[in-house]
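Commentary on secondary and tertiary structure
Each chain, letter by letter, is given below.
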Amino acid sequence: MARPKKALITRETAVQAALEIIEEHGLSDFSLGAVARKMDVKSPSLYHHFQHKEDLLEEVAREILSLAKFAEDDSGDWEARTIQICLDTRKALLRYPNAAPLILQFFPRHLMLGAYERTVKGYPETRELHMAMLEAIEKLTYGSALFQAAALANGSPSMPAFVADRYPNLAESIAANPYDDEQLFLEALRTLILGIRVRTDAMREDKPSIDTEDR
(Lines give C-alpha, C1' and ligand atoms only; values in the text may rest on other atoms or scores of the structure.)
Protein backbone atom coordinates (compact mmCIF):
# COMPACT_ATOMS: atom_id res chain seq x y z
CA MET A 1 0.00 0.00 0.00
CA ALA A 2 1.43 3.37 -1.02
CA ARG A 3 2.34 5.82 1.74
CA PRO A 4 0.29 9.03 1.79
CA LYS A 5 1.94 11.93 -0.03
CA LYS A 6 1.16 14.24 2.87
CA ALA A 7 1.77 13.38 6.51
CA LEU A 8 -1.44 12.68 8.39
CA ILE A 9 -0.02 14.18 11.58
CA THR A 10 1.86 17.44 11.87
CA ARG A 11 2.10 19.76 14.83
CA GLU A 12 -0.07 22.24 12.93
CA THR A 13 -2.86 19.78 12.13
CA ALA A 14 -2.81 18.44 15.69
CA VAL A 15 -3.10 21.95 17.11
CA GLN A 16 -6.05 22.73 14.86
CA ALA A 17 -7.77 19.48 15.83
CA ALA A 18 -7.16 20.25 19.50
CA LEU A 19 -8.67 23.73 19.12
CA GLU A 20 -11.77 22.29 17.47
CA ILE A 21 -12.21 19.71 20.24
CA ILE A 22 -11.77 22.29 23.00
CA GLU A 23 -14.27 24.65 21.39
CA GLU A 24 -16.79 21.84 20.89
CA HIS A 25 -16.45 20.09 24.24
CA GLY A 26 -14.39 22.29 26.58
CA LEU A 27 -11.05 21.74 28.25
CA SER A 28 -12.36 19.20 30.75
CA ASP A 29 -12.98 16.59 28.03
CA PHE A 30 -9.70 17.21 26.20
CA SER A 31 -7.25 14.32 25.72
CA LEU A 32 -4.68 13.14 23.21
CA GLY A 33 -7.00 10.24 22.49
CA ALA A 34 -9.76 12.66 21.49
CA VAL A 35 -7.34 14.46 19.18
CA ALA A 36 -6.30 11.17 17.61
CA ARG A 37 -9.92 10.21 16.99
CA LYS A 38 -10.59 13.64 15.49
CA MET A 39 -7.65 13.15 13.11
CA ASP A 40 -8.54 9.50 12.44
CA VAL A 41 -5.12 8.26 13.55
CA LYS A 42 -3.83 5.97 16.29
CA SER A 43 -3.17 7.58 19.67
CA PRO A 44 0.46 6.37 19.91
CA SER A 45 1.22 8.25 16.69
CA LEU A 46 0.68 11.57 18.47
CA TYR A 47 3.43 10.74 20.97
CA HIS A 48 5.98 11.19 18.21
CA HIS A 49 5.03 14.88 18.26
CA PHE A 50 3.81 15.48 21.83
CA GLN A 51 5.08 13.62 24.89
CA HIS A 52 2.23 14.78 27.10
CA LYS A 53 -1.17 16.40 26.78
CA GLU A 54 0.34 19.59 28.23
CA ASP A 55 2.81 19.78 25.32
CA LEU A 56 -0.06 20.03 22.87
CA LEU A 57 -1.99 22.48 25.05
CA GLU A 58 1.07 24.71 25.19
CA GLU A 59 1.15 24.74 21.39
CA VAL A 60 -2.55 25.61 21.38
CA ALA A 61 -1.89 28.64 23.62
CA ARG A 62 0.90 29.71 21.28
CA GLU A 63 -1.39 29.36 18.27
CA ILE A 64 -4.13 31.47 19.86
CA LEU A 65 -1.79 34.35 20.61
CA SER A 66 -0.10 34.11 17.22
CA LEU A 67 -3.46 34.94 15.63
CA ALA A 68 -2.98 38.53 16.80
CA LYS A 69 -0.27 39.01 14.13
CA PHE A 70 1.20 42.08 15.74
CA ALA A 71 2.29 44.70 13.23
CA GLU A 72 6.00 45.44 13.24
CA ASP A 73 5.63 49.03 12.03
CA ASP A 74 7.12 51.50 14.51
CA SER A 75 5.87 54.56 12.67
CA GLY A 76 2.88 56.65 13.61
CA ASP A 77 1.35 57.54 16.93
CA TRP A 78 2.41 55.54 20.00
CA GLU A 79 -1.07 55.55 21.48
CA ALA A 80 -2.74 54.32 18.28
CA ARG A 81 -0.19 51.50 17.88
CA THR A 82 -0.57 50.42 21.51
CA ILE A 83 -4.36 50.39 21.27
CA GLN A 84 -4.21 48.30 18.08
CA ILE A 85 -1.89 45.74 19.69
CA CYS A 86 -4.28 45.41 22.63
CA LEU A 87 -7.36 45.11 20.41
CA ASP A 88 -5.66 42.46 18.25
CA THR A 89 -4.63 40.50 21.35
CA ARG A 90 -8.11 40.62 22.82
CA LYS A 91 -9.74 39.53 19.54
CA ALA A 92 -7.31 36.61 19.21
CA LEU A 93 -8.28 35.27 22.65
CA LEU A 94 -11.99 35.72 22.02
CA ARG A 95 -11.80 33.77 18.79
CA TYR A 96 -11.53 30.59 20.89
CA PRO A 97 -13.29 31.35 24.21
CA ASN A 98 -13.14 27.78 25.56
CA ALA A 99 -9.40 27.59 24.91
CA ALA A 100 -8.57 31.14 26.05
CA PRO A 101 -7.82 30.12 29.68
CA LEU A 102 -4.79 28.21 28.38
CA ILE A 103 -3.10 31.60 28.03
CA LEU A 104 -2.93 31.80 31.83
CA GLN A 105 -1.36 28.35 32.17
CA PHE A 106 0.95 28.44 29.15
CA PHE A 107 1.52 32.11 28.46
CA PRO A 108 3.86 32.29 25.42
CA ARG A 109 5.45 35.54 26.54
CA HIS A 110 8.23 35.23 23.97
CA LEU A 111 5.65 35.99 21.29
CA MET A 112 5.06 39.35 22.97
CA LEU A 113 8.68 40.50 23.14
CA GLY A 114 8.49 42.41 19.87
CA ALA A 115 5.32 44.19 20.99
CA TYR A 116 6.96 45.04 24.33
CA GLU A 117 10.01 46.43 22.53
CA ARG A 118 7.94 48.63 20.22
CA THR A 119 5.86 49.90 23.12
CA VAL A 120 8.77 51.03 25.26
CA LYS A 121 10.67 52.30 22.21
CA GLY A 122 7.76 54.46 21.16
CA TYR A 123 7.25 55.88 24.64
CA PRO A 124 10.73 57.04 25.68
CA GLU A 125 9.66 59.39 28.45
CA THR A 126 10.20 58.40 32.08
CA ARG A 127 12.01 55.11 31.54
CA GLU A 128 11.47 54.02 35.15
CA LEU A 129 7.71 54.00 34.51
CA HIS A 130 7.86 51.63 31.53
CA MET A 131 7.44 48.30 33.32
CA ALA A 132 4.54 49.62 35.39
CA MET A 133 3.01 50.88 32.15
CA LEU A 134 3.39 47.49 30.46
CA GLU A 135 2.00 45.76 33.55
CA ALA A 136 -1.14 47.89 33.55
CA ILE A 137 -1.79 47.68 29.79
CA GLU A 138 -1.14 43.95 29.57
CA LYS A 139 -3.23 42.98 32.58
CA LEU A 140 -6.16 45.14 31.46
CA THR A 141 -6.06 43.54 28.01
CA TYR A 142 -5.81 39.92 29.14
CA GLY A 143 -8.18 40.42 32.06
CA SER A 144 -10.85 41.90 29.80
CA ALA A 145 -10.43 39.16 27.20
CA LEU A 146 -10.45 36.27 29.67
CA PHE A 147 -13.49 37.53 31.59
CA GLN A 148 -15.46 37.90 28.38
CA ALA A 149 -14.21 34.55 27.07
CA ALA A 150 -15.48 32.90 30.25
CA ALA A 151 -18.87 34.54 29.79
CA LEU A 152 -19.04 33.38 26.17
CA ALA A 153 -17.92 29.85 27.05
CA ASN A 154 -20.52 29.57 29.80
CA GLY A 155 -23.26 31.33 27.86
CA SER A 156 -23.65 33.87 30.64
CA PRO A 157 -23.84 37.68 30.48
CA SER A 158 -20.84 39.80 31.44
CA MET A 159 -22.88 41.32 34.27
CA PRO A 160 -25.32 39.08 36.19
CA ALA A 161 -28.96 39.98 36.55
CA PHE A 162 -29.80 41.84 39.74
CA VAL A 163 -32.61 43.80 41.38
CA ALA A 164 -32.17 47.45 40.38
CA ASP A 165 -33.73 48.74 43.60
CA ARG A 166 -31.03 46.99 45.61
CA TYR A 167 -28.17 48.36 43.51
CA PRO A 168 -29.60 51.61 42.13
CA ASN A 169 -26.29 53.33 41.33
CA LEU A 170 -24.98 50.33 39.43
CA ALA A 171 -28.28 50.05 37.56
CA GLU A 172 -28.09 53.72 36.52
CA SER A 173 -24.48 53.35 35.37
CA ILE A 174 -25.31 50.27 33.27
CA ALA A 175 -28.30 52.05 31.74
CA ALA A 176 -26.14 55.06 30.86
CA ASN A 177 -23.37 52.95 29.28
CA PRO A 178 -23.46 53.45 25.48
CA TYR A 179 -20.73 50.91 24.68
CA ASP A 180 -20.67 47.25 23.67
CA ASP A 181 -18.02 44.96 25.20
CA GLU A 182 -15.24 45.87 22.77
CA GLN A 183 -16.00 49.59 22.89
CA LEU A 184 -16.08 49.43 26.69
CA PHE A 185 -12.62 47.86 26.70
CA LEU A 186 -11.41 50.53 24.28
CA GLU A 187 -12.66 53.33 26.53
CA ALA A 188 -11.06 51.70 29.57
CA LEU A 189 -7.77 51.42 27.67
CA ARG A 190 -7.90 55.04 26.55
CA THR A 191 -8.58 56.11 30.14
CA LEU A 192 -5.59 54.06 31.31
CA ILE A 193 -3.32 55.59 28.66
CA LEU A 194 -4.47 59.06 29.64
CA GLY A 195 -3.54 58.22 33.22
CA ILE A 196 -0.11 57.10 32.01
CA ARG A 197 0.35 60.47 30.31
CA VAL A 198 -0.68 62.34 33.45
CA ARG A 199 1.58 60.20 35.63
CA THR A 200 4.49 60.73 33.23
CA ASP A 201 4.04 64.50 33.34
CA ALA A 202 3.89 64.45 37.14
CA MET A 203 7.07 62.38 37.41
CA ARG A 204 8.85 64.66 34.97
CA GLU A 205 7.87 67.72 36.98
CA ASP A 206 9.02 66.08 40.23
CA LYS A 207 12.50 65.43 38.85
CA PRO A 208 14.96 68.19 39.83
CA SER A 209 16.65 69.81 36.88
CA ILE A 210 20.35 69.31 36.28
CA ASP A 211 20.98 72.99 37.14
CA THR A 212 19.19 72.55 40.48
CA GLU A 213 21.19 69.44 41.32
CA ASP A 214 24.49 71.19 40.58
CA ARG A 215 23.74 74.09 42.93
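This write-up is about the structure you can find in this document.

About the criteria used
- Residues numbered from 1 in each chain as written.
- Predicted model: local features only at pLDDT ≥ 70, side-chain atom pairs only at ≥ 80, totals over all residues.
- Heavy atoms only, no water.
- 1 Å grid on protein atoms, 1.4 Å probe; cavity = no way out; pocket = protein on both sides within 12 Å on 5 of 7 lines; lining within 4 Å.
- Points joined across faces, edges and corners; volume = space filled by probe spheres on them.
- Helix = DSSP H or I, 4+ residues; strand = E, 2+ residues; numbered from the N terminus.
- Nonpolar A, V, L, I, M, F, W, Y, C, P; charged D, E, K, R; others polar.
- Phe/Tyr/Trp six-rings, centres within 6.5 Å; stacked < 30°, edge-to-face > 60°.
- Buried < 20%, exposed > 50% of the residue type's maximum accessible area, 1.4 Å probe, protein only.

Things to note about the layout of surface pockets
Considered as a void within the structure, the largest pocket measures approximately 440 Å³ in volume. Along its surface, the largest pocket is lined by 17 residues, and S158, M159, N177, D181 and L184 are the ones closest to its centre. Every element with two or more residues in the lining of the largest pocket is listed here: α8 (130–154), α9 (168–176) and α10 (181–206). Ranked by the residues each element gives to the lining of the largest pocket, the list is headed by α8, at 5 residues. Here the residues of the lining of the largest pocket are counted per class, giving 9 nonpolar, 5 polar and 3 charged.

Topic: the packing of aromatic side chains
Counted by the stated rule, this structure contains 3 aromatic pairs. Between W78 and Y123, the aromatic rings sit 4.6 Å apart at their centres with planes inclined by 40°, giving tilted as the arrangement. You can see W78 sitting in helix α5 (residues 78–95) and its partner Y123 sitting in the loop between α7 (113–122) and α8, a full 45 residues away along the chain. Classification of W78 by relative accessible area gives buried; the value is 5%. On the basis of an interplanar angle of 80° and a centroid distance of 5.1 Å, the ring pair of F107 and Y142 is categorised as edge-to-face.

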